[in-house]
Amino acid sequence: MKIKSDEVTHVANLARLEFTEAETEKFTSQLNGILLYMDMLNRVDTEGVAPMTHAIAQKNAFREDRAMESLPREETLANAPDARGDFFRVPKVID
Amino acid sequence: MDLNQLTIHELQEKLKAGETTSTDIVQSVFRRIDSVEKDVHAYILLTRDAALAEAARADEEIKKGRIQALTGIPIALKDLLCTRGVTTTCASRILHNYVPPYDATVVEKLRAAGAVFTGKTNMDEFAMGSSTETSWFGITRNPWDLERIPGGSSGGSAAAVAAGECIAAIGSDTGGSIRQPAALCGVVGMKPTYGRVSRYGLVAFASSLDQIGPFTRDVEDCAILMNVIAGYDPKESTSVPAEVPDYRQYVSRGIDGWTVGIPGEYFIEGIDAEVLEAVRKAIKVVEGLGAKCVEISLPHTEYCLAVYYIVAPAEASSNLARYDGVKYGFRSPEGRELLDMYKKSRSAGFGVEVKRRIMLGTYVLSSGYYDAYYKKASQVRALIKRDFDEAFRRCDVILTPTTPTPAFRIGEKTEDPLQMYLSDIFTISTNLAGIPGISVPCGFTRGGLPIGFQFLAGHMEEAKLIQIAGAYEKSANFEKRRPNL
């Protein structure tokens, strides 16, 4: 076993997801299958190989530190499930 | 032949000669949609009224002699490209009501070139899938056989072009999501070099792999669309500031004296016999054009899928953290406090494949596993890239099948994620290496399903792909069929 159901529950919490018991069981079995397949990478000698993080050789893209036009606030808030005044509203965080 | 079945360049000739109008073309496309869309379901949203208004404007422009690259041509957009004022859902419940306040750069460029937008095409949810079966809005069917999948994730775009429900379409390709459905639907699909086309306004899946590209009926149309969408964009920090050639110039240049690499690793056991036969025939055609085909080796090919299914879900789990029910999209009414609201919104908002990948990505990035999975995969990715660098010292382009099989049946692979992932086995390496690829039709199975093969080239060498694909298409000259819908 690569991953057990209590680990799946832990990872779900990290990912801000929640599952029923049946879903957890199914994910545990499927993730195990996929992670076992990944084991083949251990056959590759990667000693001294620098990890590739970008598909192209490019340096950081800086631009001039100059204020540019932003989207109007009303348009930015227009998609919010709950907005009031100039703010996004969310359920309470602390008692 | 109906206007909706023609290519961009054929329609442009007719528009220039005054033989037709954009309004006629757009009406023809919507008549076709009215008759076949109930079977195919290529679209999530149709924008008929806006399209007819845009067509009327295009006709005014044409009357004044102002014809641009795409004036009056109906184009469909995959529903992960932001369109100002028009819902952009990513085929997900979590974005089902999202109305972007801005246009993606690609959309802006197409609009500026005179394109008319027909609507937003169906796709796998968040582009995660190979069959367009994971969309929250229902499946898309392959126009060549309605019992089969169109491929994915850009299945709606591919099906719409094949079915005559638009003239050309835009999709995105993270592991094959343009080339695989193009092959399965019998159209041309190109994944440009990473950084060639701006992704500003593309809903992100895996940021080191995603790239936007065209679906068209022939190679010349592919060149026409690439001329419009390629190029540097200061709004997109991974966009490459490189010159964009006039791709159309390359369509008829020929490939006399070229060397084409055939990687042995892509002609493996398990590949469908009819696919193999069609691709071997295509190799003969390419040789007949004066190219020398040589066997090459890409030794790390067998590891591509494992690398991809670590890197892509890892990046996705991070990109999709933004969907929390606060700023846009779906919010569960059940969450009593903030954390609870996040979890309930995300759990009800994402479909099962998206959740599976978020889980996989979160796991491989989590403390204690990062080195074993993500770092290891990134190292093997470097070796995969090195394989291509070495191969391109020996050949101009590489030729491989696009998919191991023709379109499979609806529901055939939905219960086994690994089997589904294996349908991208020939397309994933391109994204990992960041190079461009083009899938071109090369015939049909005896059962009438399209088969495609692909050419791959070095970074920024899309012109070479247009050149060889154009030469192949002209001389292959296999029967030009249209789906019988």
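Parameters and conventions
Residues numbered from 1 in each chain as written. Chains lettered and ligands numbered in written order. Predicted model: local features only at pLDDT ≥ 70, side-chain atom pairs only at ≥ 80, totals over all residues. Helix = DSSP H or I, 4+ residues; strand = E, 2+ residues; numbered from the N terminus. Rg over C-alpha atoms; globule rule 2.2 N^0.38 Å. Buried ≥ 20, exposed ≤ 12 C-beta atoms within 10 Å, placed from the backbone. Contact = placed C-beta atoms within 7 Å. Domains from an automatic or database assignment. Nonpolar A, V, L, I, M, F, W, Y, C, P; charged D, E, K, R; others polar. Pairing = 2+ DSSP bridges. pLDDT = per-residue confidence, 0-100. Axes fitted to C-alpha atoms, helices over the stretch in contact; angles between N-to-C directions. Core = buried A, V, L, I, M, F, W, Y, C linked by C-beta atoms within 7 Å. Expected span 1.5 Å × (residues − 1). Parallel < 35°, antiparallel > 145°, perpendicular 65-115°, else oblique.

Helix and strand counts for chain B come out as 15 helices and 11 strands. In summary, chain B has a C-alpha radius of gyration of 21 Å against a globular reference of 23 Å for 485 residues, a match within 12%. By principal-axis analysis of the C-alpha atoms, chain B measures approximately 65 × 55 × 45 Å. By residue count, 62% of the 485 residues in chain B fall in the buried class. Residue pairs in contact within chain B that sit at least 24 positions apart in sequence constitute 76% of those at least 6 positions apart.

For the rest of this paragraph, the subject is the overall build of chain A. Scanning chain A from terminus to terminus reveals 3 helices and 2 strands. Starting at the N terminus and walking to the C terminus, you meet the elements of chain A as α-α-α-β-β. In chain A, which comprises 95 residues, the proportion classed as buried is 17%.

This paragraph deals with the domain arrangement of chain B. Residues and elements named next belong to chain B. When its domains are assigned, chain B resolves into domain 1 (3–261 + 394–476) and domain 2 (302–378). Using only C-alpha atoms to locate each centre, domain 1 and domain 2 end up separated by 27 Å. Counting from both sides, the interface comprises 28 residues of domain 1 and, opposite them, 22 residues of domain 2. Of all the secondary structure elements, the ones that give two or more residues to the side of domain 1 that touches domain 2 are α13 (417–422) and α14 (428–433). Of the residues contributing to the side of domain 1 that touches domain 2, the split by class is 16 nonpolar, 10 polar and 2 charged.

Moving on: the environment of Asp246(B). Residue and element names in this part refer to chain B. Here Asp 246 lies in the loop between α7 (219–229) and β7 (259–263). With 10 C-beta atoms packed within 10 Å, Asp 246 lands in the exposed category. Through-space distance from the C-alpha of Asp 246 to that of Met 226 is 8.8 Å; in sequence the pair is 20 residues apart.

All right, on to the pairing of strand β8 (residues 292–296) of chain B then. In terms of strand pairing, β7(B) meets β8(B) through 5 bridges, oriented parallel. Within β8(B), the position partnered with Val260(B) by the bridge is Cys293(B).

The two faces of the sheet receive side chains in turn, since in a regular strand these alternate between them. All names here are of chain B. Burial runs high along strand β11 (residues 450–456): 7 of the 7 residues are buried. By the bridge criterion, 4 bridges tie strand β9 (residues 397–401) to β11 in an arrangement that is antiparallel. Its bridge partner lying in β11, Leu 399 is registered against Phe 455. Sheet analysis places strand β10 (residues 437–444) next to β11, joined by 6 bridges and oriented antiparallel. Paired with Gly 437 across the two strands is Leu 456, which belongs to β11. In textbook terms, the turn of a hairpin is the stretch between consecutive antiparallel strands, and for β10 and β11 this stretch comprises 5 residues, one of which, Gly 448, has a positive phi near 90°.

Turning our eyes to something else, we now look at the interface of chain B and chain A. Between chain B and chain A, the contact holds 54 residues from the first and 42 residues from the second. For the side of chain B that touches chain A, the elements supplying multiple residues, two or more each, are α9 (304–319), α10 (338–349), α11 (352–365), α12 (371–391) and α13 of chain B. With 11 residues, α12(B) is the largest single contributor of residues to the side of chain B that touches chain A.

Right, let's get into the confidence of the model for chain B. Within chain B, residue pLDDT values average 96, and 100% of them lie at 70 or more. Taken over the whole predicted complex, pTM reads 0.97, whereas the ipTM for its chain interfaces reads 0.95.

Attention now moves to the sheet that holds strand β4 (residues 168–172) of chain B. Residues and elements named next belong to chain B. Judged by pairing direction, the sheet is mixed, and its 11 strands sit side by side in the order β1-β3-β2-β4-β6-β5-β10-β11-β9-β7-β8 without closing on themselves. Looking at the sheet topology across the chains shown, the edges are occupied by β1 (43–46) and β8. Shown here is a sheet whose adjacent strand axes are inclined to one another by a mean of 30°, direction ignored. One ladder, built from 4 bridges, connects β4 with strand β6 (residues 212–216); its direction is antiparallel.

Residues and elements named next belong to chain B. Cis geometry is adopted by the peptide bond preceding Ser 153, which originates at Gly 152 and carries an omega value of 10°. Structurally, Ser 153 can be placed in the loop between β3 (116–121) and α5 (155–163). One non-glycine residue, Met 460, lies in the positive phi region at around 65°. Tracing the chain through its elements places Met 460 in the loop between β11 and α15 (462–476). Residue Met 460 is classed as buried on the basis of its 21 C-beta neighbours within 10 Å.

Okay, the nonpolar core next. Note on soluble globular proteins: their nonpolar side chains tend to be buried together. Core analysis: the biggest nonpolar cluster contains 171 residues, and Ile75(B), Val307(B), Ile310(B), Val397(B), Phe455(B) and Ile466(B) have the highest contact counts within it. For this core, the element with the highest residue contribution is α9(B), accounting for 11 residues. Two domains each provide a minimum of three residues to this core, namely domain 1 (3–261 + 394–476) and domain 2 (302–378) of chain B. Setting aside residues up to four positions removed in sequence, Ile310(B) forms contacts with Met38(A), Val364(B), Tyr373(B), Tyr374(B) and Ala377(B).

Residues and elements named next belong to chain B. The end-to-end C-alpha separation of α15 is 21 Å, in line with the 21 Å expected for 15 residues at 1.5 Å each. Those residues of α15 lying buried are Glu 462, Ala 463, Lys 464, Leu 465, Ile 466, Gln 467, Ile 468, Ala 469, Gly 470, Ala 471, Tyr 472 and Glu 473. As for α15, its buried residues are in contact with β5 (188–191), α7, α8 (273–288), β9, β10 and β11. With its phi angle positive at about 50°, Asn 477 sits one or two positions after the end of α15.

Below, the discussion takes up the environment of Pro74(B). Residue and element names in this part refer to chain B. With respect to the helices and strands, Pro 74 occurs in strand β2 (residues 74–78). Overall, Pro 74 belongs to the buried group, with 31 C-beta atoms counted inside 10 Å. In this structure the C-alpha to C-alpha distance between Pro 74 and Leu 465, which are 391 residues apart in sequence, comes to 25 Å. When residues no more than four places from it in sequence are discounted, the contact partners of Pro 74 are Ile 25, Val 26, Val 29, Ala 51, Val 116, Thr 118, Cys 166 and Ile 167.

As a further point, take the packing of helix α1 (residues 5–14) of chain A against helix α2 (residues 21–38) of chain A. Residue and element names in this part refer to chain A. α2 packs onto α1 with a crossing angle of 100° between their chain directions and a minimal axis gap of 9 Å. The orientation of α1 relative to α2 falls into the category roughly perpendicular. Together, Ser 5, Val 8 and Thr 9 of α1 and Thr 24, Glu 25, Phe 27, Thr 28 and Leu 31 of α2 make up the contact between the two elements. A per-class count over the contact of α1 with α2 returns 3 nonpolar, 4 polar and 1 charged.

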